[in-house]
Amino acid sequence: MNACVQGLYLVAAGLFILSLRWMSDPATARRGVTAGVAAMTLAVVGTLAGLTAGGGTHFAWILAACAAGAAAGYPLAQVPLTAVPQRTALSHAFGGLAAGLVGAAEYGLGFGRGDPAALPSFTVLALVTEVLLGCLTFTGSLLAAAKLQEVRWLPQRPLTWPGQNVLNLGLLALALGLGGALVLSPMAPWGPACFLGLVLLALLFGVLFILPIGGADMPTVISILNAFAGLSAAAMGLALDNRLLVVAGALDGSSGLILSVLMCRAMNRSFTHVLFGAFGRLPPSGGPAPAGSYREDTVDSARQAMLEAGLVVIVPGYGMAVAQAQHRVRELYDLLRRQGVTVKFAIHPVAGRMPGHMNVLLAEAEIPCEDLVELEEINRDLPQADVALVIGANDVVNPAARTDPGSPIFGMPIIDADRARLIYVIKRSRRPGFAGIENPLHFLDKTFMLFGDAKTVVGELARQA
Ligand code: NAP
């Protein structure tokens, strides 16, 4: 039976790896999700089979936990796409809580046996790592979800005070000290009190870690918390001697870390600045505010310009997600294609509020993924584009990132919409985007604003004349 369980685990581990590989490309992403679900199913079946073979008797508890998980998970799966970042944060909170509880139970059971062989130092090291990361992920993710949900009792702005980093690092050092003492003397009479102290410090650290970070910047931090939850699960795998948990946790942890680094790079922020720098509190721009006034145009003339174009590049952003305009965008795409216009979508890695936000929306509208073009490639095409149509994107097309060293987004890679021959920008007002700064693109002679909700304006553009 054990060989059978290990065989199932091996297949599941392979499927987890393939799942990540396939999910990294929109063309194979659906297959990746199916592979992930299959891997998880095999992991659960294998674990239950192993329990049955070992004479496990706790199936009623396991079934009750499965039912509670399904009852909580079903409504969570129904949230709109704009709420996915906070939904993801809640999932990480549950993952962290599970790891923390399993770790605490394992330590309690081992200590209760009174036999030092039940708690070897390596197991305690794994348990301490698991509980530390699990507990801080739990409170940190709950707070992150609350900030993203913009709950009234929690300010969105970063909460900072003097000596904050010193306090946070001091608490972390204290927690690590308690963990070290437990590893050295797992069976000491003060062990359980020390363990409790470690749990409380980790829970507190999770809160203090998130408070200095602005609500709108939370997606990057969620990716870091994802990595913590994964590493916690890997440590749990070591403590429980479950190889699949080690593999799955390591994959989760490393992919979360890689994603955080990629997001930081795409936003031109350093990793240490995210962790220790009151992320989200952007300094004011040192450069001059762009002079000029908006030029507006009519939907009819914008449609005409696009119908006469050879190449139209559409740049979607957060506003397209807010307006849920993706199906109207599909109608416009169809109209232009029927007239022989080449249409490409410029996908910025941090457009919207979560990684892959634009890909998911455009895939939902069944836009062929070969027309979704990544930043570097589309920037090569943009000087040849007759029209760039910016739909609810702002920061990701802000040329100040290239030209204004005083700008908070200076150095961030952007989509060079300003290099197209003609630019149309759809947004509702003169308000800035996420970074809170003016966008000189809006004041170029060749830029025309189409003020209004993206769904309405794109719907009008897509209407046959
Ligand atoms: P953005 O800079 O936030 O701009 C979005 C624009 O959409 C706003 O100017 C807004 O202007 C407009 N808008 C909002 N609702 C609209 C509606 N219903 N119809 C039409 N327009 C609407 O968005 P972005 O260009 O996509 O850039 C993303 C930003 O988020 C970047 O600064 C990035 O660093 C940051 N970020 C992204 C991630 C990620 O993972 N994707 C994570 C963290 C942070 P009006 O209010 O005037 O309409």
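Computed from a predicted model, the values in this text were never measured in an experiment.

*Asks:* Mind laying out the overall build of the protein, listing which residues take part and the relevant values?
*Replies:* Within the protein one finds 17 helices and six strands. Taking the principal axes of the C-alpha coordinates as reference, the protein spans close to 80 × 55 × 35 Å. With 465 residues in all, the protein has 46% of them scored as buried. Within the protein, residue pairs in contact and separated by at least 24 positions form 77% of the contacts whose partners lie at least 6 positions apart. Surface summary for the protein: the accessible area is close to 21700 Å², and the carbon and sulfur share equals 64%. If you average the places of the 31 positive and of the 31 negative side-chain charges in the protein, the two averages end up 3 Å apart.

*Asks:* Explain the confidence of the model for the protein residue by residue, including any values.
*Replies:* Scored by pLDDT, the protein comes out at a mean of 90, with 95% of its residues at no less than 70. Predicted confidence for residues 279-287 stays below pLDDT 50, and this span has 28 contacts to residues more than four positions away or in other chains.

*Asks:* Outline the pattern of salt bridges, supporting the account with residue identities and numerical values.
*Replies:* Tallied over the full model, the rule gives 10 salt bridges. Arg-402 is paired through a salt bridge with Asp-416; the nearest N and O atoms lie 2.7 Å apart. Taken together, the residues span a long stretch of sequence, with Arg-402 in helix α16 (residues 400-403) and Asp-416 in the loop between α16 and β5 (422-427) at a distance of 14 residues. On the basis of relative accessibility, which here comes to 30%, the residue Arg-402 falls in the partly exposed class. With its nearest N and O atoms 3.1 Å apart, the salt bridge here joins Asp-416 to Arg-419.

*Asks:* Any details on the sheet that holds strand β4 (residues 387-391)? Residues and values, ideally.
*Replies:* If you walk across this open sheet you meet the six strands as β3-β2-β1-β4-β5-β6, and the pairing is parallel. Each having just a single partner strand, β3 (372-374) and β6 (447-451) make up the two edges of the open sheet. Going from strand to strand, the sheet's axes swing by 25 degrees on average, the running direction of each strand aside. Here strand β1 (residues 311-316) runs beside strand β2 (residues 342-347); their pairing, made up of four bridges, is parallel. Paired with Leu-311 across the strands is Thr-342, a residue of β2.

*Asks:* I'd love a proper account of the site of the ligand, names of residues and values included.
*Replies:* In the vicinity of the ligand there are 30 residues, among which Gly-352, Asn-394, Asp-395, Arg-428 and Ser-429 approach most closely. Val-396 places a main-chain nitrogen or oxygen 3.4 Å from an oxygen atom of the ligand. Looking at the shell around the ligand, the element that brings in the most residues is helix α12 (residues 318-323), giving four residues. Each of two domains, domain 1 (81-274) and domain 2 (299-461), supplies a minimum of three residues to the shell around the ligand.

*Asks:* Tell me about the state of the cysteines, residues and numbers included.
*Replies:* Counted according to the given criterion, the structure contains zero disulfides. We note that Cys-4 lacks a disulfide partner, and the nearest cysteine sulfur, in Cys-66, lies 20 Å from it. No disulfide involves Cys-135; its nearest neighbouring cysteine sulfur is the one of Cys-194, lying 14 Å away. Given a relative accessible area of 8%, Cys-135 falls into the buried group.

*Asks:* Lay out a negative patch on the surface with the relevant residues and their values.
*Replies:* Side chains of Asp-25, Glu-374, Glu-376 and Glu-377 sit close together on the surface and give a patch of like negative charge. One can find Glu-377 in helix α15 (residues 375-381).

*Asks:* Tell me about unusual backbone geometry, and please be specific about residues and values.
*Replies:* Although it is not a glycine, Gln-324 adopts a positive phi angle of roughly 55 degrees. In this structure, Gln-324 sits in the loop between α12 and α13 (326-338). Phi angles above zero are rare outside glycine, and Glu-366 is one such case at about 55 degrees. Mapped onto the elements of the fold, Glu-366 is located in the loop between α14 (357-364) and β3.

*Asks:* Break down the domain arrangement of the protein for me, citing the residues and quoting the values.
*Replies:* Parsing the protein into structural domains produces domain 1 (81-274) and domain 2 (299-461). Measuring from the centre of the C-alpha atoms in domain 1 to the corresponding centre in domain 2 gives 38 Å. At the interface, 13 residues of domain 1 touch 17 residues of domain 2. Between domain 1 and domain 2, a total of about 1200 Å² is buried, with carbon and sulfur atoms accounting for 76% of that surface. The largest per-residue losses of area from domain 1 upon contact with domain 2 belong to Leu-81, Ala-266 and Asn-268, which jointly make up 43% of the total buried on that side. Across the domain 1-domain 2 interface, the total number found is zero salt bridges. Where domain 1 meets domain 2, there are zero residue pairs in polar contact (both at pLDDT 80 or more). Counting residues per element, the ones that place at least two in the side of domain 1 that touches domain 2 are α4 (84-113) and α9 (243-266). For the side of domain 1 that touches domain 2, the element with the most residues is α9, which contributes four residues.

Parameters and conventions
Residues numbered from 1 in each chain as written. Predicted model: local features only at pLDDT ≥ 70, side-chain atom pairs only at ≥ 80, totals over all residues. Heavy atoms only, no water. Helix = DSSP H or I, 4+ residues; strand = E, 2+ residues; numbered from the N terminus. Buried < 20%, exposed > 50% of the residue type's maximum accessible area, 1.4 Å probe, protein only. Contact = heavy atoms within 4.5 Å. Areas by Shrake-Rupley, 256 points an atom, 1.4 Å probe, with all protein chains shown as cover. Lys, Arg positive; Asp, Glu negative; His and termini not counted. Charge placed at Lys NZ, Arg CZ, Asp CG, Glu CD. pLDDT = per-residue confidence, 0-100. Salt bridge = Lys/Arg side-chain N within 4 Å of Asp/Glu carboxyl O. Pairing = 2+ DSSP bridges. Axes fitted to C-alpha atoms, helices over the stretch in contact; angles between N-to-C directions. Near = heavy atom within 4 Å. Polar contact = N/O pair within 3.5 Å; in protein donor to acceptor, adjacent residues only side chain to side chain. Domains from an automatic or database assignment. Disulfide = S-S within 2.5 Å. Patch = residues over 30% accessible without salt bridge, like charges linked within 9 Å, V, L, I, M, F, W, Y side chains within 5 Å. Buried area = accessible area lost by both parts, 1.4 Å probe.

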